[in-house]
Amino acid sequence: MARYTQDSIERLREAIDAVELISERTDLRRRGSRWVGLCPFHEERTPSFTVDPERGLYHCFGCQAGGDPITFVRETQALDFSEAVEALAERYRVELKREREDPAEEELRRRRERLLALLDRTAIFYSKYLWDSAEGVRAREHLAARGLSDDVLGAFRVGYAPSAWDRLVLAAGRDGFTEAELTGAGLAQRNKRGGLYDRFRERITFPLADARGKVLGFGARALGEEQGAKYINTAEGEVYHKGRTLFGIDQARTAIAKAGRAVVVEGYTDVLALHQAGVAETVAIMGTAMTREQVAELARAVGADGTVVLALDADSSGQEAMLRAARVAADREVELRVVELPEGADPADLVSREGEAGVRERLASSVTVLRFAVGRVLAAADLATPEGRDRALVRARGLIAEAPERTARRDDLIRLVADRLDVPLEYVAAAPAARAPARSGPTAGAGGEEARDGGGPRPGAGPARLDAERTFLALCLRSGPLGREYLGRLTPAHFASDLTRRAAEHLRETFEDPLAGLPQDDAQLMAAIAEVALRADTEDTVEEGVVRMSFLGLEQRRIEREIRHALAEGDLQRQGALASDRQRIRREMDAVMGQAP
Ligand SMILES: [Zn+2]
């Protein structure tokens, strides 16, 4: 991976004309020192997208997209940092200098490049074999029977691995690749006598690529009946890591960024079928467990306020997977929703059964994970006996406690449960017993699995709270030394949003020039910082009272959160102390309000 010197990047930044660059995607009009236009990242009718030409920053007040020109190119062209830098350098004729590499690193990079080249050639080899060989006919028939078009198979470079033992080994050898490279890339293995043979034989192959389309490995489906496992993957090795890969991310990335949504399915052919049906924001996890790395990748791809929709198989392992995914995603700022599929149907079946419109309808009717978990409790409940209904009631109540209070969402869940269990609404709405475990995620009640640190989605971590945190940071930036002092008072406990907490840490370091040293490798963090910095310019009140009130608001929320924890843990002493803290904050707020003009 190319690393460029900080100096090169700075020279590039100076050379870029942000207004010209961004104008290619949306019409911008000058307004004061800014340029405004319709946001290229979300549908809107009145412009909330702003470009600051002087500092080369953009921000959308509608969808919170934001960053510098490099971010803009990354987001709109689905490139990674180095690629975006390279593309811009070419366009603005800036010469880039590489960071000096140490010899060991350079060696590693070269080896990796060799393995990637081998994997890429192999994808071509398998793909050709699918379309040109006599043997490939059967594979093509199999794929056609699933309703997959030649176009979609071509786009995803689906291929066929020959049944002979050594076709790939021989072909790669002719191209100058060594045996060590073949095993390193996970494409060949040794028999007992030390001979090398192809890992994939008589199988349909699906290249597993990273976001840039670089092939890292393959998933392969058996065609014959007596072939052992139906699906096998490239062995974990130097370039392929199962837990990091999302099948189809290279094809889906731009569509995901545009839609602010990713659809996650289980199987390769599900991805192909949905892309063919026009749902181009679909990717697959390999197997049923979604890993942290996959969630992180998805969160990056959907962007701020994005949604990840899980459309996993309706069997119980698929359902467990959805609940597990919720737990993994809980500390990410990404909304996770679930599509309920009919029993025994996978998304590919759905496309052929219900057509494109049917699938879109199902995706549109996705539910929150909480609603899904409650639904499972109700589905499993023994409604015939009062005892069975009570058991379900207890479990449902525990789940509903996760929903923020006084929200329509919570209300809906309460009605649903009361209705199904045939009990008065108050039974459901009653707070669960205080000894309820503090760390029950939205799934602990339903899945009965281990509680995870940090629990489910934090209650109240919604947009309003996020907004309060970022508004406060913007006010601090506006307020000079006073703001710096207030910024210093924040502790991690003041934040419901991890992203905003990290933005605050960054701002503390770079208070004088918040846009210095933006974290290039973290687009979300960069967008959050850019948002706060741009907001700081538009906040025009900087009276101390305003900053103070904003801070007290955060204090109040922190205390309320801690009270909830103490309540759940049955810590009476702490509850008492916190309650008097809350009183104190209220008095301070009243005092500030009293001084207001
Ligand atoms: Zn926008």
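Whatever comes next refers back to the structure up there.
Here is a short report on the structure shown in this document. Computed from a predicted structure; not experimentally measured. (Residues numbered from 1 in each chain as written. Predicted model: local features only at pLDDT ≥ 70, side-chain atom pairs only at ≥ 80, totals over all residues. Heavy atoms only, no water.)

A tally of helices and strands in the protein yields 25 helices and 17 strands. Expected size for 597 residues packed as a compact globule is a radius of gyration near 25 Å; at 27 Å, the protein falls within 12% of this value. Here the protein holds 597 residues, and 50% of them are scored as buried. Of the contacts formed within the protein by residues at least 6 apart in sequence, a portion of 66% connects residues at least 24 apart. For the protein, the exposed surface amounts to about 29,000 Å²; the carbon and sulfur share of it is 48%. A distance of 2 Å separates the average location of the 87 positive side-chain charges in the protein from that of its 99 negative side-chain charges. (Helix = DSSP H or I, 4+ residues; strand = E, 2+ residues; numbered from the N terminus. Rg over C-alpha atoms; globule rule 2.2 N^0.38 Å. Buried < 20%, exposed > 50% of the residue type's maximum accessible area, 1.4 Å probe, protein only. Contact = heavy atoms within 4.5 Å. Areas by Shrake-Rupley, 256 points an atom, 1.4 Å probe, with all protein chains shown as cover. Lys, Arg positive; Asp, Glu negative; His and termini not counted. Charge placed at Lys NZ, Arg CZ, Asp CG, Glu CD.)

Looking now at the coordination of the zinc ion. Protein-derived ligands of the zinc ion are Cys39 (SG), His42 (ND1), Cys60 (SG) and Cys63 (SG), with the metal-ligand distances lying across 2.1 to 2.2 Å. Classification of the site at the zinc ion as tetrahedral follows from its four donor atoms and the range of 103 to 117° in their angles at the metal. Positions of the donor residues of the zinc ion, expressed as sequence spacing, correspond to C-x2-H-x17-C-x2-C. Residue Cys39 is located in the loop between β2 (34-37) and β3 (49-52), and its partner Cys60 is located in strand β4 (residues 57-60); the two are separated by 21 residues in the primary sequence. (Donors = N, O, S within 2.8 Å, 3.2 Å for Na, K, Ca; no water. Tetrahedral: all angles 85-135°; square planar, octahedral: opposite > 155°, others 65-115°.)

Turning next to the sheet that holds strand β15 (residues 307-310). Two orientations exist for strands paired in a sheet by backbone hydrogen bonds: parallel and antiparallel. The sheet built from six strands is open, its strands ordered β12-β14-β13-β15-β16-β17 with mixed pairing. In the strand order of this sheet, the two ends are held by β12 (246-247) and β17 (367-368), each with one partner. As paired elements, strand β13 (residues 261-265) and strand β14 (residues 282-285) share three bridges and run parallel to each other. Across the sheet, residue Val264 finds its bridge partner in β14, namely Val283. Across the sheet, helix α10 (residues 249-259) is in contact with β12, β13 and β14; its angle to β14 comes to roughly 125°. Across the face of the sheet, helix α11 (residues 268-276) comes into contact with β12, β13 and β14 while running at roughly 175° to β14. (Pairing = 2+ DSSP bridges. Axes fitted to C-alpha atoms, helices over the stretch in contact; angles between N-to-C directions.)

Overall, the coordinates contain 19 aromatic pairs when judged by the stated rule. With a centroid separation of 5.7 Å and an interplanar angle of 40°, the aromatic rings of Phe156 and Phe247 are classed as tilted. Of this pair, Phe156 sits in the loop between α7 (150-155) and β6 (159-161) while Phe247 sits in strand β12, and the two are 91 residues apart along the sequence. Here Phe156 matches Phe247 in class, with each residue buried. Between Phe472 and Tyr486, the ring centres sit 6.5 Å apart and the planes meet at 85°, which makes this aromatic pair edge-to-face. A residue pair is termed long-range when its members are at least 10 positions apart, and Phe472 in helix α20 (residues 463-478) and Tyr486 in helix α21 (residues 480-489) qualify at 14 residues. Take Phe472 and Tyr486: they sit in the same class, and that class is buried. The rings of Phe125, Tyr126, Tyr129, Tyr160, Phe200 and Phe218 are connected pair by pair, giving a single aromatic cluster. (Phe/Tyr/Trp six-rings, centres within 6.5 Å; stacked < 30°, edge-to-face > 60°.)

To continue, consider the packing of helix α15 (residues 369-380) against helix α16 (residues 386-400). Packing of α15 against α16 leaves a shortest axis separation of 9 Å and a crossing angle of 175°. With respect to α16, the element α15 is oriented roughly antiparallel. From α15, Leu370, Ala373, Val374 and Val377 reach across to α16, where they touch Ala392, Arg395, Ala396, Leu399 and Ile400. Taken together, the residues that form the contact of α15 with α16 break down as eight nonpolar, no polar and one charged. (Parallel < 35°, antiparallel > 145°, perpendicular 65-115°, else oblique. Nonpolar A, V, L, I, M, F, W, Y, C, P; charged D, E, K, R; others polar.)

Relative to the 21 Å expected for 15 residues at 1.5 Å per residue, α16 spans 20 Å between its end C-alpha atoms, a close match to the ideal helical length. Within the span of α16, buried status applies to Gly388, Ala392, Leu393, Ala396, Leu399 and Ile400. For α16, the buried positions fall inside an angular range of 135° around the axis, keeping them on one side. Relative to its buried face, α16 has exposed residues pointing more than 90 degrees away, namely Glu387, Arg391 and Val394. (Expected span 1.5 Å × (residues − 1). Arc of directions from axis to C-beta.)

Attention shifts here to the sheet that holds β4. Ordered by their spatial adjacency, five strands build an open sheet running β1-β2-β3-β4-β5, and the pairing between neighbours is antiparallel. The open sheet is flanked by β1 (28-31) and β5 (66-67), the only strands paired with a single partner. Where β2 meets β3, three bridges bridge the pair, whose relative direction is antiparallel. From the neighbouring strand, Trp35 faces β3, where its bridge partner is Val51.

Before going further, it helps to examine the pattern of salt bridges. Summed over the entire model, instances satisfying the criterion amount to 33 salt bridges. Between Arg13 and Asp68 there is a salt bridge; the shortest N-O distance is 2.6 Å. With a gap of 55 residues between them, Arg13 in helix α1 (residues 6-15) and Asp68 in the loop between β5 and α3 (69-77) connect regions that are remote in the sequence. A residue is classified by how much of its surface remains accessible, and Asp68, at 2% relative accessible area, is buried. Its salt-bridge partner being Arg502, residue Asp498 comes within 3.9 Å of it at the nearest N-O pair. Residue Asp498 and its partner Arg502 are located together in helix α22 (residues 498-509), separated by four residues, close to a single helical turn. You can call Arg502 partly exposed: its relative accessible area is 26%. Each of Asp498, Arg501, Arg502 and Glu505 takes part in a single network of salt bridges with overlapping partners. (Salt bridge = Lys/Arg side-chain N within 4 Å of Asp/Glu carboxyl O.)

This part covers the pairing of β14. Judged by which residues are buried, β14 turns out to be covered on both faces: Thr282 and Ala284 on one side and Val283 and Ile285 on the other are all buried. Relative to β14, β12 is paired through two bridges, and the arrangement is antiparallel. The residue bridging Phe247 from the neighbouring strand is Ala284, located in β14. What joins β13 to β14 is α11, and the crossover it makes is right-handed. (Right-handed = clockwise from strand over helix to strand, strands pointing away.)

Core analysis: the biggest nonpolar cluster contains 58 residues, and Val158, Leu182, Leu187, Ile204, Phe218, Phe247 and Leu272 have the highest contact counts within it. Element by element, the count of residues in this core is highest for helix α5 (residues 103-132), at eight residues. Those residues in contact with Leu272, other than ones at most four positions away along the chain, are Leu148, Val152, Leu153, Phe156, Val158, Phe206 and Phe247. In this structure, Val295, Met322, Leu336 and Val377 belong to the second largest nonpolar core, which totals 50 residues. (Core = buried A, V, L, I, M, F, W, Y, C linked by side-chain atoms within 4.5 Å.)

Our focus in this paragraph is the packing of α21 against helix α24 (residues 544-569). Their axes nearest at 11 Å, the elements α21 and α24 cross at an angle of 10°. In terms of orientation, α21 lies roughly parallel with respect to α24. Residue-level inspection shows Leu482, Tyr486 and Arg489 of α21 in contact with α24, the latter providing Glu544, Val547, Arg548 and Phe551. Class assignment for the residues of the contact of α21 with α24 results in four nonpolar, no polar and three charged.

A turn of α-helix holds 3.6 residues, and therefore any two residues three or four places apart point the same way. The end-to-end C-alpha separation of helix α17 (residues 408-421) is 20 Å, in line with the 20 Å expected for 14 residues at 1.5 Å each. The inward-facing, buried residues of α17 contact α15, α16 and α18 (425-429). Just downstream of α17 lies Asp422, where phi reads positive at about 55°.

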